[in-house]
Structure formats: C-alpha cells, structure tokens
Amino acid sequence: MTPAPSLSPRHLTARAPTRTFRQRHGGLFLLLAPALVYFAVFHYAPMVGLILAFKKFISAEGIFGSAWVGLDNFRELFTNPQFRAALGNTFVISALRLVFGFFAPIVLALMLNELRVLWFKKAVQTVTYIPYLLSWVILGGIFLLMFSTTGPINQAIAQFSGSPVSFLSNDFWFLFLLIVTGVWHSVGYGAVIYLAAIAGISPELYEASTVDGANRWHQVRHITLPSLAPTIVVLLILNLGHIMNAGFDQIYNLYNPVVYGVSDIVDTYALRLLMQLEFGLSTATDLIKSVIGLGLLVAANAIARRATNGEQGIF
Amino acid sequence: MFSASPKKYPARIVLTVLAALWLSLAPSGCRRAATPASTAELVTTFNALRDDPQRHLEIVWLGSPYAEGGQPGSWLQRRLEEQFNLSLEVSFMPVFSYDKLLKLRLTGGQIPEVFWLRNAGEVRRAAAHGFITEVPYETLAHHAPAYLRLLERHAPDAWLLSLVDGRNFGIPTFTTTVARLPQTGVWNRTWLERVGIKKTPGTLVEMEEALRRFRTGDPDRDGQQDTFGMCPWRPGSSSGSGTLDRSFEEIFGAFGVMQNGWMLHEGRVVWGATLPGARLALETLRRWYADGLIHPDYMTLPIGNLEVRSQLFKGKVGYIMGFNLGNYGVFEKKYPTSLQSLHQAIHPGEELAPGWFPIGPDGHRGVRTWDGSIGGVIVFGPQLVRAPEKLVRVLAMFDALARDPELFIELRVGRRGLHWDWNEDYGIRKRAPYDTRAVASAELMGEGITNQIDNNYGYFAPFSAPQEVVDRHTIPAARQFQETYMRPEWGLSDVLLMADTVPSAYKYLHRLVDLQATTFTEIIIGKRPIEAFDDFVVRWRAEGGDMLTREANELYLQKQAIRARVAAFLVAEKSPAPPAP
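Residues numbered from 1 in each chain as written. Chains lettered and ligands numbered in written order. Predicted model: local features only at pLDDT ≥ 70, side-chain atom pairs only at ≥ 80, totals over all residues.

## Considering the overall build of chain A
How we decide: The way it works is that DSSP assigns letters per residue, a run of H or I at least four long becomes a helix, a run of E at least two long becomes a strand, and they are numbered from the N terminus. Here a residue counts as buried when 20 or more other C-beta atoms fall within 10 Å of its C-beta, as exposed when 12 or fewer do, and as partly exposed in between; the C-beta atoms come from the backbone. With C-beta atoms placed from the backbone, a contact is any residue pair whose C-beta atoms sit within 7 Å.
Looking only at helices and strands, one finds 16 helices and two strands in chain A. Across the 315 residues of chain A, 29% fall into the buried class. In chain A, once contacts between residues fewer than 6 apart in sequence are set aside, the share between residues at least 24 apart is 66%.

## Details of the confidence of the model for chain B
Note that predicted coordinates carrying low pLDDT should not be read in detail. Residues and elements named next belong to chain B. Under the convention used in this document: Every residue carries a pLDDT, the predictor's confidence in it, which falls somewhere between 0 and 100.
Of all residues in chain B, 91% attain a pLDDT of 70 or more, and the chain-wide mean is 88. Confidence drops under pLDDT 50 across residues 1-9; counting only partners more than four residues distant or on other chains, this segment forms nine contacts. Low confidence marks residues 23-34, where pLDDT is under 50. Its contacts with residues over four positions away, or in another chain, come to 18 contacts. On the interface metric, ipTM, the complex scores 0.76, and its pTM is 0.84.

## What about the nonpolar core?
If you look at soluble globular proteins, the nonpolar side chains tend to sit buried side by side. All names here are of chain B. Defined as follows: Remark: nonpolar core denotes a set of buried Ala, Val, Leu, Ile, Met, Phe, Trp, Tyr and Cys residues whose joining runs through C-beta atoms within 7 Å. Where each domain begins and ends is defined by an automated method or by a domain database.
By size, the foremost hydrophobic cluster in this structure holds 200 residues, and its most contacted members are Val123, Leu160, Ala281, Ile320, Val379 and Phe398. The element best represented in this core is helix α21 (residues 505-524), accounting for nine residues. Counting the residues that make up this core, at least three belong to each of domain 1 (39-179 + 372-488) and domain 2 (183-365 + 502-550). Look past the residues within four positions of Val379 in its chain and what remains in contact with it is Phe115, Leu117, Val123, Ala126, Ile132, Phe169 and Gly170.

## Regarding the pairing of strand β9 (residues 262-265) of chain B
All names here are of chain B. Operational definition: For two strands to count as paired, DSSP must find a minimum of two bridges between them.
Pairing analysis gives four bridges linking β9 to strand β10 (residues 268-271), with the strands arranged antiparallel. Counterpart to Leu264 in the pairing with β10 is Val269. Linking β9 to β10, which pair antiparallel, is a turn of two residues; within it Glu266 sits at a positive phi near 50°.

## Side note on the domain arrangement of chain B
Residue and element names in this part refer to chain B. The condition is simple: Throughout, the ten residues Ala, Val, Leu, Ile, Met, Phe, Trp, Tyr, Cys and Pro are labelled nonpolar, Asp, Glu, Lys and Arg are labelled charged, and all others, Gly among them, are labelled polar.
Splitting chain B by domain gives domain 1 (39-179 + 372-488) and domain 2 (183-365 + 502-550). Across the boundary between the two partners, domain 1 contributes 12 residues, which contact 11 residues of domain 2. Among the elements of the structure, α5 (120-128) and α20 (476-485) are those that each provide at least two residues to the side of domain 1 that touches domain 2. For the side of domain 1 that touches domain 2, the leading source of residues is α20, giving five residues. Residues of the side of domain 1 that touches domain 2, tallied by class, amount to six nonpolar, two polar and four charged.

Laid out in structure tokens, this is it:
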C-alpha cells in the first residue's frame, strides 16, 4: 500500500488562496448567472422608471426628459377621495383574505396528511388544486351566473327560505363571495407547500410519540405543527409583503358599479390611471403599494425574529 | 480580466452586469422627439407642398378596429394602393382592446404614421404625449377642401373631437344614419298579445302596464312567475375605458333628460344627469325594479348587446334596449342573423316589434343621438412633420373620397358586380364567395360583414358616405322604418357632441361617470333612498363637475368660432366645389 500523502491542515489553508476563485466557484456562478440576469433585467432595471412617480411624464420627452414635479403626484393621489377609498378597500380585503385564507391551506394539508387511503388523498389533492389552474376570466363568468339573483344558488336558497340573496350587489355578500371564492381558488396550491414540509418531518418523531402513547391529535399538535412553524412563518411574512395585492384578477372579473364602494382597490384604480396615460400618478400608486408592502414585510420579519429569539424569519 | 481576489470578483461581476443592463435599457425610456413645430411653421411646411401622384410613398397605417377579420394585402388595400400610388403597411387590433393595445404600441415608441383614435379624450391624451402632430385647419382646408365641406354639412361640431388647446390634431369624421337617428327598443310582440296588449306601448304609463303584465301574466305560458319586464344595457363602464352609462336611456328621455351628456338648460350648458328630470326617472325606475319589472341582475350581467339579447332569447324579459339594436334590419326575417331570425330559431313563431320611445308625463321622449359624428378621428404620427408628402397624400385621398362617391363605396364594400349586387329587398348584397364572413372580412376589411356605408368605421374610408349617397343605397322598406320609428326629432343630442370633448374631462369625467352609475343603480335597486340623488348632485359638482361645467360653457361659445374659422379658410382657398354626386 502506498502511504497516503501527507496533508497537513497547514498545507490546505496555505494552498486554497492560490487556486483562483474562478477555478473553484466559476461553475457555480455560471449556474447562477441566468437567475442574476433575469432579476437584473426584469426586476432591477425597470426600477429606473420609479422616478416617474416624481415626474409629469410626457412620452415624447422620455423618462429622463420629463419635468420633475416633486411630490405633486402623491399629493394629488392622497387628496383624491377615490384613491383613499381604494387604499382602504385594499387593506380591508387583504386583511380578510389573510385572516380567512392564510390558515385554510394549513388545515387542508393537515387533513390530507391524515388520510391513509392513497388514491383518495391524491384525488382530494387534485380536486382542490385544479381551481388554481383556471383563469379568473373564466371563473368570473361562472360565479356571476351562479350567484346572480336568478342563478342556481339563489334558486336553491329559494327552495328553503324564499328570499333571494343579492350576492353580487350587496357590499357584505360581495366581500364574502370574494373571500370564499378566493380561498377556494388557491387553497389547493397552498396546501402543496405545507404537504411538502410535512413530508420532510422525520418519521422517527411520530414513531417515538406513538411509543409514548400519543394519539393522532397529540401528534398534530406537538409534532406536525411545531415542525411546520418555520414554513408558516416564512409564508406569513411573504404574504404580508403582498398585502397590497388584494387580488386584481378576481375583483376585476367580478365587480360591478353597485359594489365599487367596497371593491375598488388600488390596482383597479391604477389600471384606470394607466388607461388615461397618467404614468406619473400610476407609478406613484405602485410605489406607495411597494413601500407599504416592504414596511410590513420588514416589520413582520422583525416580530418573528424577536418572538423566536432570532431563530425564525427570512432575513 | 477577472481579479484574482475572491472578495472583489462576485461584486464586480454583478455590478458590471447591472450597470451594463441599466445603460442598455435606460435609453429606451428616454426617447426625445424634436421640439414640436408651431402652427405657423406647420402651415408653411404642409401647405407649400403639392401632392405629386407620380411619387410612390410607403405609409404605416392603422385603421379603425372595426375591420374584424381584416388581412394585409386585401382587395381594398390593393385598390387604394393602386389609385394613390402607395405601399401600405397595415395592422389590426381587436375592437374591444384597441384602446389598450394602441397605448402599449404608442408608449413603446411604435407610432403608426396614420391611425384612428376613438374620441376627443384619446386625441387629447395622444397630443399631450407627443404621439400625434397638429394638423392646422389651414392645411386641411388647403389639401382637403371637399372633405371639409362634407364635414361642415354633416357634422359641423365634429371639430371638437380634434381640438386640443385651441389647435387641431386630426381629421374628425362624420356619421350619417347612426349618428342622426335614434335607435328603438325591442318588444316581444307575441308576449304583448298573450297578456292582452294589442298596440306597442307608446307612453311611459302604457309601457309600465305592459312590463307589469309580463311580470304577472305568465307571458311564456309555463305556469310560473319567472319572467320580468325589461333588460337594459348594463350601467357603468365595463373596462375603465370611460364608456358612458347608457342604461334606461329611453326612460330618462321620457323625462327630458339625456343622462350621459351636455344639455342646454335655461340658457346654460349642464350635465343631463344632474337635472331634476333625472330624479323623476330614478323614482320611476326604482318602483319598477321593486315590482320586478326590471331584470333583477341587470347591473351585474356582462356588458354588451350579446347579454341583453340573450335575456330576450332566454324568455326572461319581453323588452330590451341595447346599442344599435333597434333598426330596420333587426326585425327582418330575411336576414339570417337578424334578431328576429335568431329569436325565432329558439322560439318558433314569436314575433318581435320595434318600440316607441315612451312619452313621459310632460310629453318628452327620445334617446341619445350624435350631431353627425359618433367619434373617430384620423391622426398622424409626429414623424410626418419630417415627411409632409405622406400627410399631403392622405389628405388628397380624403378629398378624392369626398368628391367621388363611387370611389368611396368601392373602398368600403368593394366593387359592384364583383363583390356585390344591388337588390331591391336587401340593398347591397354580397356575391359569392364574398357572402361568407371569412372571405368578406379578409378581402373587404370587415366591411363585407356590415354592408354599411353610413357609419364611420371604414378601415381606409373612415367616414360616412354623404347623406344623398346613403339615401340612394337605402332600400325603401328601411327608409320607411326610419321615418316611422327613428325620427331625428326624437334624438337628444349632446350640445358638445360628446361628453369628453370638454378639456378636463380626461381628469374628472371617468370618476364622475362611475359615481353616477353607482348612485343611480343603488337608487334603482333600492339600496339607497331617492334622496341619494341630491347627495349625488352635490358630490358631482364638488368632485370636478363644477369645473367641467364651466369649461363646457366656454367650449359651447368656442365651437361657433371654430366653425367660422374653418369656413373662412375654405373661402380663402376658393377651391372648386365638389361635383354634385
């Protein structure tokens, strides 16, 4: 047997810097490059355009040639009653979505995890996932028909109580419809993430708890949920960052003049501005959205870190 | 090239990539056009030039979006190119997304040399962003005098469509039948007979009685109370494009109100929906809705004629009012796709009947019409200031179309004997294979579908035929229908042509239209009391309405001045009058 070459720790540390960085990590950077380019091109470069929020944009003069107007665009937005209403509606709808929509996929994932008949589990998973693949343009049409005062839902209600419910023109019921159909639309997709996290929990924990006499309920409470906590926290923080996105597609395809009062959100408002070529105002609208989203994200992260002594959080 | 230092390397590479990208992308957003020329300079540039028919020109053309199914290289395009020594680069956009897609194209820097804008608001926005060039009145009078005389005769107020800060930014178009004559509602005559009504309702009282019997008298004979009276056009705008609220027009008309435009009231220009008559109309509609005379979901149905029609076909209602849904062709069984034919395919034997505009308590009646133009402005990209020969050629083309009705008709529906024949029963009737939708659309740019020469939607001839040419191509039965049901005196017209001709409309009108649609609908469906109307008027005035009203009154005075100016330029040109068609 040939003796092993002597590789002292000193030898290693002395050699490392002499191998170029490029030789050691070049391949990794090559792999990273497409993602970096993607972010640079589609996420960072367009940010130049944010200066439009402080300008009166004239296309012919270009982004840099247009005149600066300071905070005029923001002043105009905040003195506009429609924008203030839209901002309020966005918060209300998002908060409702978060309260009712955030936990639904967790519950679904926990329940799916308890199913032992594999084909049934797969079937439920598929059925709950499918709505996510359907566009709101299609779903909007379906729901408008289903929930109209002469539609099947109201016909069924009429069989029992007799008085039709104006789901689409009553403020409360419209919000109810938004939230419920929103949850229905995305619950299956959300559950997949949690199911993946559950799959990563060590089976030994469950086995050990069974030995200790834990029943299913104990296992969910003391093993599954605590193990899911990091995923839940990360998703909650990310969700908070998106709180200003109150679901444009869905609302745009469902709303009507009678419920503008509760359903006109920042995005629908910004779309109208864009259609009027008001680039300055609509950039300002989006900047406000982003700043609020970022603020909430940072705050939520800080709270998560403090509550867990720095163990959880995304940064 | 790369630093050997492991620390600096990634930071440098990332920064270099970012900087390179910023530098390469940023300039695309900082296009800078030449400083716009003054009116006087433009007059000098454009008027000094004479069209040289020998010179071959290439023009990038985006016509009106109503050329559904149109294709590049069509017969119409070849015809135009041959006559005017042109090569055209044409493109098409779907009618419902035209405004959005066009804006994407314009802001992306791809400005067509000649294109179509829907209304005054679009023209104003395009001018503000430098997407279109001013075309002085003098230039139009110099190069297209015959067209301007047609415009003066058919739509003298159309200049409001292209007016921006006292300057003219395009060629406004005119429309004959559709703009001049009001369109009726549609009754299910069979239902009327079944509930014991012999005569189509003529007054508001009679209308209410008929609608009530539709609700209670089981007109569909199925033993259930599952029918309603009427279905109107859905209120409000569908897509943020500022479409005006057209719901219940004929009911507002019965109270002397045009709810979506500028009216003269006690010597001043006012917004129709703020007049006391609107309150009375709302009280009536509120009662009707509560009693089930109006389709309960009218405000949430998808917007458009298709949905309004489908409520009639489904047997839910016995009276509908749509957009351009009440004219001669609608009630004729001889046209396979007429409303009457489609309805009978579902309900054999059921007859439809044109409605009368209901007469209100004070004798008012009517619905909105336009004073000769339903919008549509042909505009020119700013690059044509540097290529004035193209602009002059297009104006020469407009003038030729205005002088020569035969050329106009060829550029709208094709050649007689090749694409169509005249038929006393049908009017213009397509020959095979142009009688199939696909062939007609491709070769005749959508015009083959409509056979109409009296709208302003032509892709290459974007205005209407002169009235006498339209009359010559209107079959007697259609004319009789118009004289009976669509009398011009029943049209309520906007004194400023359209709501958004007012300068600040782009800023306030949309939200005021939304406010109006929401409040009126809430009152009608009983969500808010009738007193909400008074709050609406206060809010309407405070949230921009007062400003708009002031401008509307100024514009009203200004429009006479523009007309006089154009007339003076025409006189100065002393060009020969067009030959009588």
